[in-house]
Amino acid sequence: MSLYDDAVLVLKGYESPDRAQVELRQGYLDHLAQHPDGMWKACGAGHLTASALVIDPERGRVLLTLHRKLRMWLQMGGHCEPLDESLAGAALREATEESGITGLTLLGGGPVRLDRHPIPAPCHWHLDVQYAALAPSGATEQISEESLDLRWFAYDEVASVADASVVRLMERTRAELERRG
């Protein structure tokens, strides 16, 4: 199965109680139907990306990266690569590369959220498929070349350092942790 086919299946199976998320899911599917290259950075109309919020539920905290180019505190994530076989695999690869933490596992049940955001030209949109990655007990992070800094933040600190999309991802992740158990 190609990464494109996996993305279509993941999106068709994605459910959310939030109507805006359901509409966004359909927008992603429409984008892929119109752009066979919609998985790749070269697609000027926008492309899917995969990200994961690294979370340590035992300590009530999340790991954020101070993005080198954007200079914002964000979850780990980025572009899909030709060797990625699935969106989940791409999200886990990105989270592992950017956090330096081995042994991350994705929260089962698929993505927790979708987020469409503008980016600078030549490409115009990231259609981010967002997962949650659980940090193993005693995890130690290590900064990558893509980050200026990595830092653990308590849940109640995230809103003071990150934008609303990261806060929504954290809130949705916490709700999914409770729901999925």
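Refer to the preceding data block for the structure.
The following paragraphs examine the structure supplied in this document. (Residues numbered from 1 in each chain as written. Predicted model: local features only at pLDDT ≥ 70, side-chain atom pairs only at ≥ 80, totals over all residues. Heavy atoms only, no water.)

1. Focus on the overall build of the protein
And then number 1: Check the secondary structure of the protein and you find five helices and eight strands.
And then number 2: Rg of the C-alpha trace for the protein: 15 Å, near the compact-globule value of 16 Å for 181 residues, within the 12% margin.
And then number 3: Summarising its shape, the C-alpha atoms of the protein cover approximately 45 × 35 × 30 Å along the three principal directions.
And then number 4: Contacts in the protein between residues at least 24 apart in sequence constitute 67% of all its contacts with a sequence separation of at least 6.
And then number 5: Accessible surface, the protein as shown: approximately 9,100 Å² in total, 52% of it carbon and sulfur.
And then number 6: Distance from the positive charge centre (18 side chains) to the negative charge centre (27 side chains) of the protein: 3 Å. (Helix = DSSP H or I, 4+ residues; strand = E, 2+ residues; numbered from the N terminus. Rg over C-alpha atoms; globule rule 2.2 N^0.38 Å. Contact = heavy atoms within 4.5 Å. Areas by Shrake-Rupley, 256 points an atom, 1.4 Å probe, with all protein chains shown as cover. Lys, Arg positive; Asp, Glu negative; His and termini not counted. Charge placed at Lys NZ, Arg CZ, Asp CG, Glu CD.)

2. Some remarks on the pairing of strand 2 (residues 61–67)
And then number 1: Most of strand 2 sits out of view: six of its seven residues are buried.
And then number 2: What sits between the antiparallel neighbours strand 1 (residues 47–56) and strand 2 is a turn of four residues, in which glycine 60 has the positive phi angle 65°.
And then number 3: Relative to strand 8 (residues 147–154), strand 2 runs antiparallel, the two being bridged by seven bridges. In the strand pairing of strand 8, valine 62 is matched with phenylalanine 153.
And then number 4: The pairing of strand 2 with strand 3 (residues 73–74) spans two bridges and is antiparallel. Each residue of the ladder has a partner; that of threonine 65, found in strand 3, is leucine 74.
And then number 5: The antiparallel hairpin formed by strand 2 and strand 3 contains five residues in its connecting segment, where arginine 71 sits at a positive phi of about 55°. (Buried < 20%, exposed > 50% of the residue type's maximum accessible area, 1.4 Å probe, protein only. Pairing = 2+ DSSP bridges.)

3. Concerning helix 5 (residues 164–180)
And then number 1: Across its 17 residues, helix 5 extends 24 Å between first and last C-alpha, which sits within 8% of the 24 Å expected from 1.5 Å per residue.
And then number 2: Here the buried face of helix 5 lies against strand 1, strand 2, strand 3, strand 6 (113–118), strand 7 (125–134) and helix 4 (158–161). (Expected span 1.5 Å × (residues − 1).)

4. Describing the nonpolar core
And then number 1: By size, the foremost hydrophobic cluster in this structure holds 33 residues, and its most contacted members are Leu11, Met39, Leu48, Val54, Leu87 and Val129.
And then number 2: At the level of elements, helix 1 (3–13), helix 2 (19–34), strand 1, helix 3 (87–99), strand 7 and strand 8 are the ones that each hand at least two residues to this core.
And then number 3: Among the elements that line this core, the one with the most residues is helix 1, at five residues.
And then number 4: When neighbours within four sequence positions are excluded, valine 54 is seen to be in contact with Arg61, Val62, Leu63, Met76, Ala95, Ile101, Leu104, Ala133, Ala135 and Trp152.
And then number 5: Counting residues in each nonpolar core, the second largest holds 19 residues, with Leu53, Leu74, Val158 and Leu169 among its members. (Core = buried A, V, L, I, M, F, W, Y, C linked by side-chain atoms within 4.5 Å.)

5. With respect to helix 1
And then number 1: Along helix 1, the residues classified as buried are Leu3, Asp6, Ala7, Val8, Val10 and Leu11.
And then number 2: Looking at the buried side of helix 1, the elements it contacts are helix 2, strand 1, helix 3, strand 6 and strand 7.

6. A word on the pattern of salt bridges
And then number 1: Here the structure, examined in full by the defined rule, presents eleven salt bridges.
And then number 2: Among the ionic pairs, arginine 93 bridges to glutamate 94, the shortest N-O distance being 3.1 Å.
And then number 3: Measuring nitrogen to oxygen at the nearest pair gives 2.8 Å for the salt bridge that ties arginine 151 to aspartate 149.
And then number 4: Overall, aspartate 149 belongs to the partly exposed group, its relative accessible area being 22%.
And then number 5: What emerges from the salt-bridge pattern is a single network uniting Glu81, Asp84, Arg93, Glu94 and Glu97. (Salt bridge = Lys/Arg side-chain N within 4 Å of Asp/Glu carboxyl O.)

7. Re the packing of helix 1 against helix 2
And then number 1: Two elements in contact, helix 1 and helix 2, have axes whose closest approach is 10 Å; the angle formed by their N-to-C orientations is 155°. Judged by the inter-axis angle, helix 1 sits roughly antiparallel to helix 2. In this structure, helix 1 meets helix 2 at a crossing whose hand is left-handed. Of helix 2, the residues touching helix 1 (which contributes Tyr4, Ala7, Val8, Leu11 and Lys12) are Arg25, Tyr28, Leu29, Leu32 and Ala33.
And then number 2: The residue inventory of the contact of helix 1 with helix 2, partitioned by class, reads eight nonpolar, no polar and two charged. (Axes fitted to C-alpha atoms, helices over the stretch in contact; angles between N-to-C directions. Parallel < 35°, antiparallel > 145°, perpendicular 65-115°, else oblique. Left-handed = near helix turned anticlockwise from the far one by under 90°. Nonpolar A, V, L, I, M, F, W, Y, C, P; charged D, E, K, R; others polar.)

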